[in-house]
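Read off the chains here:
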Amino acid sequence: MIPIDGHPILTAATMRAAEQAHGNLSALMAQAGAGVATAARRLAGASEVLVLCGPGNNGGDGYVAAVELHVAGHPVRVAAATEPRTDLARAARARWTGPVEPLATARPAPILIDALFGTGLSRPLDAVHAMHFHRLAAAARLTIAVDLPSGVTTDDGRVLTEPPRCHLTLALGAVKPSHLLQPAARYAGHVRLIDLGLSPASVATVIARPAFRDPGPDTHKYSRGMVALVGGAMPGASELASIAALRAGAGYVLHLGDGTGPPHALVRRPWSAGALTDPRIGAVVIGPGLGRDDTARDRLATALASGRPLVIDGDALHLLDADAPRSAQTILTPHAGEIDALFGKSTASKIDRARVAAARADVVVIFKGPDTVIAAPDSRVTVSADASDWLSAAGTGDVLAGATGAMLASGLPPFEAATAAVWLHREAARLCGRSFIADDLVGALSRVR
Ligand SMILES: NC(=O)C1=CN([C@@H]2O[C@H](COP(=O)(O)OP(=O)(O)OC[C@H]3O[C@@H](n4cnc5c(N)ncnc54)[C@H](O)[C@@H]3O)[C@@H](O)[C@H]2O)[C@@H](O)CC1
Ligand SMILES: Nc1ncnc2c1ncn2[C@@H]1O[C@H](COP(=O)(O)OP(=O)(O)O)[C@@H](O)[C@H]1O
Ligand SMILES: [K+]
């Protein structure tokens, strides 16, 4: 049971391929079931465990876990609505010598293991499975899902049948998109990986603590990263982004636009057409509070022509031509509404949408939300889940844009800069606790760094 940070994300199909490449499916199931049993024993204390087994190999994992728990002397019962249908699951079922209670009449237990359906779920649960899964979870103190909470898809974060909210999900062999993508992810609770030794390759990974560029003895303010913020109609937003760039670690931040006041560390200048020609500028951030009028259009055109690395956020995303050729490293930071406006609506998964957008616009995309997906034009993807829901407040996106500018100006390549900023933003939100405002989040960036 290991943390998922930095681990590859596999779809149902790539998982099946990894499983086939391994060759010994029975050994994999034995390992998976044993991993589930070990985790359950660690968390259950002396409490009884009830394992719900489905018809496929997810159910097979459940039977193996039940056998392992029994062998270890742990009180365990099994319930199922149907007989196993795969050879592997039948073999696992045959090794369970205790009774199999009908799901509909099964008595609850303090610890519930959901081994009903995993990556093979292809349609909504029938009424018996759905109703009794909820009944037994409501009576349990702890619900542990095997591989995925039964009822969610594997690849795109959709919910076919609403499962109960599990406390823990044990991802078998690899993390799957639905462990991270909403709305499915909220039903998984904490996600931990059970390593099956598959070492699968994937261009998609779970976000991990980034390698920041820290200052050294030879660093000066410009080499540490100079960020220019282009202001506009609402200077508050671009100021918030400016201060975020400072607190995220930029050595010099220039706010180009109206507005006065602290912090004194922020260098303020009025906007001018030549404002972005300073070759020391390592990143230009444009969009927070920019507005969408002709002035905003002119400023965006100047920024795009400057050749400086760019972070394009907020209003600027509504003025941008996604298909225009790029002359500089560019990071876009859209939320769902901005993705729709720029690239059109789509029912594809958030990971696929981010990847398609990055390739089409030849940029790094930070597709924001409770699940944030970062995609590069070369198909690399990293996903950040578990962000504080309290980030759903005005201005927190401006903070991310500023932090992204700081990371880009520090010399990190765009994908790494985007990843570092998203991680920093998420950890800062964690430090802020509840009911914080965007200004508090800015302060917390320093503490995280
Ligand atoms: N991929 C791997 O490396 C490993 C996979 N294992 C397990 O195998 C699981 C996948 O097994 P399966 O492919 O057998 O899939 P599942 O066990 O998830 O379920 C598939 C079975 O249920 C049926 N089914 C699908 N949706 C249904 C619904 N709503 N109502 C009723 N029946 C439905 C399918 O027709 C099929 O018979 C994984 O989630 C994992 O738990 C582990 O045993 C070990 C390793
Ligand atoms: N429910 C949520 N849980 C976690 N993070 C969220 C949630 N809602 C929004 N966020 C994050 O908060 C930020 C909001 O950005 P955005 O929508 O651009 O707001 P604004 O433009 O007001 O600053 C993004 O980083 C996004 O990922
Ligand atoms: K399950």
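- Going by an unreviewed UniProt entry, the protein chain carries the name Bifunctional NAD(P)H-hydrate repair enzyme and comes from Sphingomonas mollis.
- The protein chain has a UniProt comment under Subunit (unreviewed entry) that states "Homotetramer."

## Brief notes about the overall build of the protein chain
Then step 1. Secondary structure assignment for the protein chain yields 14 helices and 17 strands.
Then step 2. For the protein chain, whose C-alpha radius of gyration is 25 Å, the value lies close to the compact-globule estimate of 22 Å for 449 residues.
Then step 3. By its C-alpha atoms, the protein chain is 80 × 40 × 40 Å across when sized along the principal axes.
Then step 4. Residue burial in the protein chain is summarised as follows: out of 449 residues, 55% are buried.
Then step 5. Summarising the internal contacts of the protein chain: among those between residues at least 6 apart in sequence, 71% fall at separations of at least 24.

## Concerning the nonpolar core
Then step 1. By size, the foremost hydrophobic cluster in this structure holds 156 residues, and its most contacted members are Val51, Leu52, Ile113, Val227, Ala245, Val285 and Ala403.
Then step 2. Ranked by residue count, the leading element in this core is helix 13 (residues 414-432), at eleven residues.
Then step 3. Composition of this core by domain shows at least three residues from each of domain 1 (12-203) and domain 2 (221-448).
Then step 4. With residues near it in sequence (within four places) discarded, Val51 still touches Gly62, Ala65, Ala66, Val76, Val78, Ile113 and Ala115.

## What about the site of ligand 2?
Then step 1. Taken together, 18 residues are adjacent to ligand 2, and Lys368, Pro370, Leu391, Ser392 and Gly397 come closest.
Then step 2. Per element, the largest residue contribution to the shell around ligand 2 is four residues, and it comes from helix 12 (residues 396-409).
Then step 3. For the shell around ligand 2, the residue count by class is five nonpolar, ten polar and three charged.

## As for the UniProt feature "binding site: AMP" (unreviewed entry) in the protein chain
Then step 1. Those places that UniProt annotates as "binding site: AMP" (unreviewed entry) correspond, in this numbering, to Lys368, Gly369, Pro370, Asp371, Thr372 and Gly397. In three dimensions, the annotated residues from a span of 30 residues occupy one location, with a maximal C-alpha spread of 13.6 Å.
Then step 2. Along the chain, Thr372 turns up in strand 16 (residues 372-375).
Then step 3. Not counting residues within four places of it along the chain, the set of residues in contact with Thr372 comprises Ile366, Phe367, Ser384, Ala387 and Val422.
Then step 4. Excluding its chain neighbours within four sequence positions, the residues that come into contact with Gly397 are Asp313, Gly314, Thr333, His335 and Lys368.

## Here's the deal with the sheet that holds strand 10 (residues 252-256)
Then step 1. In spatial order, the strands read 8-17-16-15-14-13-12-9-10-11; together these ten strands make up an open sheet with mixed pairing. The open sheet has two edge strands, strand 8 (204-206) and strand 11 (267-269), and neither has a second partner. When strand polarity is set aside, the average angle formed by the axes of neighbouring strands in this sheet is 20°.
Then step 2. Bridge count between strand 12 (residues 281-286) and strand 13 (residues 310-312): three bridges; the pairing is parallel. For Val285, the partnering residue across the bridge sits in strand 13 and is Val311.
Then step 3. Sitting on the sheet, helix 8 (residues 294-305) is in contact with strand 9 (226-230), strand 12 and strand 13, with an inclination near 150° to strand 12.

## So, the environment of Asp378
Then step 1. Position of Asp378 relative to the elements: it lies in the loop between strand 16 and strand 17 (381-384).
Then step 2. Along the primary structure Asp378 and Ser435 are separated by 57 residues, whereas in three dimensions their C-alpha atoms are 38 Å apart.

So, how was this worked out
- Here the residue index of a chain counts from 1 through its sequence in written order.
- Each chain gets a letter, beginning with A, and each ligand a number, beginning with 1, in the order they are written.
- The predicted origin of the model limits local features to residues at a pLDDT of at least 70 and limits the giving and counting of side-chain atom pairs to 80 or more, whereas totals for whole chains, interfaces and linings rest on all residues.
- UniProt positions are given in the numbering used here, feature names are shortened, and annotations may be inferred rather than shown by experiment.
- Elements are defined by DSSP. Helices are runs of H or I of four residues or more, strands are runs of E of two residues or more, and each kind is numbered from the N terminus.
- Two things to know: the radius of gyration comes from C-alpha atoms, and the globule rule equals 2.2 Å times the number of residues to the power 0.38.
- Once C-beta atoms are placed from the backbone, each residue is buried if 20 or more other C-beta atoms lie within 10 Å of its own, exposed if 12 or fewer, and partly exposed for counts between those two.
- Here, residues touch in the contact sense if the C-beta positions derived from the backbone fall within 7 Å of one another.
- Any nonpolar core is a set of buried residues, restricted to Ala, Val, Leu, Ile, Met, Phe, Trp, Tyr and Cys, that join up through C-beta atoms within 7 Å.
- For the purposes of this description, domain bounds are those given by an automatic or database domain assignment.
- Nearness rests on one distance test: the residue's C-beta atom, set from the backbone, must lie within 6 Å of the molecule or strand.
- Amino acid classes used here: Ala, Val, Leu, Ile, Met, Phe, Trp, Tyr, Cys and Pro are nonpolar; Asp, Glu, Lys and Arg are charged; the rest, including Gly, are polar.
- For two strands to be treated as a pair, DSSP must find at least two bridges joining them.
- Structural elements are reduced to axes, namely lines fitted to C-alpha atoms, with helices fitted over the stretch in contact, and the angle between N-to-C directions of any two is expressed from 0 to 180 degrees.

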